[in-house]
Amino acid sequence: MKTFSEKIKEAREELKLNQQQLGELVGVSKRSIAAYETTDTKPRGNIARKLAAALQVSVDYLLNDEIADPKYGIEKAPYIEEARERLGSKAAKEMDVLLEQNVALFAGGALDQEAKDAFFEAVMKAYLKCKEEARKTYGRKKETD
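Residues numbered from 1 in each chain as written. Predicted model: local features only at pLDDT ≥ 70, side-chain atom pairs only at ≥ 80, totals over all residues. Heavy atoms only, no water.

Visitor: So what exactly am I meant to see when it comes to the nonpolar core here?
Guide: Generally speaking, soluble globular proteins have nonpolar side chains that are buried together. Within the largest apolar cluster, 17 residues are counted, with the highest numbers of intra-cluster contacts made by Leu22, Leu51, Leu55, Val57 and Leu62. Broken down by secondary-structure element, the contributors of at least two residues to this core are helix H1 (4-14), helix H2 (19-26), helix H3 (30-38), helix H4 (45-55) and helix H5 (59-63). If you tally residues by element for this core, the top one is H4, at four residues. Of all hydrophobic cores here, the second largest spans 13 residues; its members include Tyr79, Ala83, Phe120 and Tyr127. (Core = buried A, V, L, I, M, F, W, Y, C linked by side-chain atoms within 4.5 Å. Buried < 20%, exposed > 50% of the residue type's maximum accessible area, 1.4 Å probe, protein only. Helix = DSSP H or I, 4+ residues; strand = E, 2+ residues; numbered from the N terminus.)

Visitor: Sorry, what's going on with the packing of aromatic side chains here?
Guide: Any aromatic ring pair is given by two values, namely how distant the centres are and how the planes are angled relative to each other. Considering all chains together, one arrives at three aromatic pairs under this definition. Here phenylalanine 4 and tyrosine 36 contribute two aromatic rings whose centre-to-centre distance is 6.1 Å and whose plane-to-plane angle is 75°, an arrangement assigned as edge-to-face. Taken together, the residues phenylalanine 4 in helix H1 and tyrosine 36 in helix H3 connect sequence positions 32 residues apart. Measuring from ring centre to ring centre gives 5.7 Å for tyrosine 79 and phenylalanine 120, while their planes differ by 65°; the resulting arrangement is edge-to-face. Of the two residues, tyrosine 79 sits in helix H6 (residues 77-87) while phenylalanine 120 sits in helix H8 (residues 113-138), which places them 41 residues apart along the sequence. Taking relative accessible area as the criterion, phenylalanine 120 reaches 1% and is therefore assigned buried. (Phe/Tyr/Trp six-rings, centres within 6.5 Å; stacked < 30°, edge-to-face > 60°.)

Visitor: Whenever I open this one, the UniProt feature "domain: HTH cro/C1-type" (unreviewed entry) in the protein chain confuses me. Can you help?
Guide: UniProt annotation of "domain: HTH cro/C1-type" (unreviewed entry) refers to residues 8-62 when read in the numbering used here. In residues 8-62, helix accounts for 71% and strand for 0%; the two terminal C-alpha atoms are 7 Å from one another. (UniProt positions renumbered as here; feature names shortened; annotations may be inferred.)

Visitor: What is the right way to look at H4 in this model?
Guide: Given 3.6 residues to a turn, an α-helix orients residues that are three or four positions apart in the same direction. Buried within H4 we find Ala48, Leu51, Ala52, Ala54 and Leu55. The buried residues of H4 all sit within an arc of 165° when viewed along its axis, so they share a single face. On its buried face, H4 sits against H1, H2, H3 and H5. (Arc of directions from axis to C-beta. Contact = heavy atoms within 4.5 Å.)

Visitor: Any chance you could explain the side chain of arginine 12 here in plain terms?
Guide: Here arginine 12 is to be found in helix H1. Once residues lying within four places of it in the same chain are set aside, the contact partners of arginine 12 are Leu17, Asn18, Gln19, Leu22, Ile33, Glu37 and Leu55.

Visitor: Looking at this structure, I do not really get the side chain of glutamate 37. What am I missing?
Guide: Following the sequence through the fold, glutamate 37 ends up in helix H3. Not counting chain neighbours up to four residues away, the residues in contact with glutamate 37 comprise Ser5, Ile8, Lys9, Arg12 and Gln19.

Visitor: Honestly, the environment of aspartate 65 in this entry has me stumped. Any pointers?
Guide: Along the chain, the position of aspartate 65 falls in the loop between H5 and H6. Residues aspartate 65 and threonine 3, spaced 62 residues apart in sequence, show a C-alpha to C-alpha distance of 5.3 Å. A polar contact of 3.3 Å, which involves the side chain of aspartate 65, links it to the backbone nitrogen of phenylalanine 4. (Polar contact = N/O pair within 3.5 Å; in protein donor to acceptor, adjacent residues only side chain to side chain.)

Visitor: Before we go on, may I ask you to explain a negative patch on the surface in this structure?
Guide: A grouping of Asp112, Glu114, Asp117 and Glu121 is seen on the molecular surface, where their side chains present a negatively charged patch. Its location among the elements puts glutamate 114 in helix H8. (Patch = residues over 30% accessible without salt bridge, like charges linked within 9 Å, V, L, I, M, F, W, Y side chains within 5 Å. Areas by Shrake-Rupley, 256 points an atom, 1.4 Å probe, with all protein chains shown as cover. Salt bridge = Lys/Arg side-chain N within 4 Å of Asp/Glu carboxyl O. Lys, Arg positive; Asp, Glu negative; His and termini not counted. Charge placed at Lys NZ, Arg CZ, Asp CG, Glu CD.)

Visitor: Sorry, what's going on with the packing of H1 against H3 here?
Guide: Angle between the axes and distance between the axes are the two parameters that describe a pair of packed helices. Where H1 meets H3, the closest approach of the two axes is 6 Å, and the angle between their N-to-C directions is 125°. It follows from the interaxial angle that H1 and H3 lie oblique. Contacts from Phe4, Ser5, Ile8, Lys9 and Arg12 of H1 reach H3 at Ile33, Tyr36, Glu37 and Thr38. (Axes fitted to C-alpha atoms, helices over the stretch in contact; angles between N-to-C directions. Parallel < 35°, antiparallel > 145°, perpendicular 65-115°, else oblique.)

Visitor: I would appreciate a short explanation of unusual backbone geometry in the present structure.
Guide: Peptide bonds are, in most cases, trans, and in most cases residues other than glycine have a negative phi. Positive phi outside glycine occurs at lysine 16, with the angle close to 60°. Residue position: lysine 16 is located in the loop between H1 and H2. Taking the relative accessible area as the measure of exposure, lysine 16 reaches 71% and is therefore exposed. Here glutamine 56, not a glycine, exhibits a phi torsion of approximately 60°, which is positive. Looking at the secondary structure, you find glutamine 56 in the loop between H4 and H5.

Rendered as structure tokens:
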């Protein structure tokens, strides 16, 4: 098992980036990157996502010491980000859980990337439709004069 610090450093070196360059890609200082690589310091939300994107690995891989595959769950990222952009961080977390739980339905079977994308797209559409309907029904009512 690799730690967050080891994963950051290894991924950065594989991309032949120095700490300064990675910091610039992520929007943090070289000092922050050095801290991530040498201490137990972990970035929060948005910085973790930017770090994963810059290093071309999944957020799940970076933040979970139990995950050894750098690409684990990376196919979920666009759907999670769309949920975050449209409905906020709570929706992104819900989408992540929803996709992760539903992928378990295919345990033991192999899906090609096209089938995974179609499945994730269908789940995403259903989730967003339900959320939009709930907002219409249960959202704040506009006051009339």
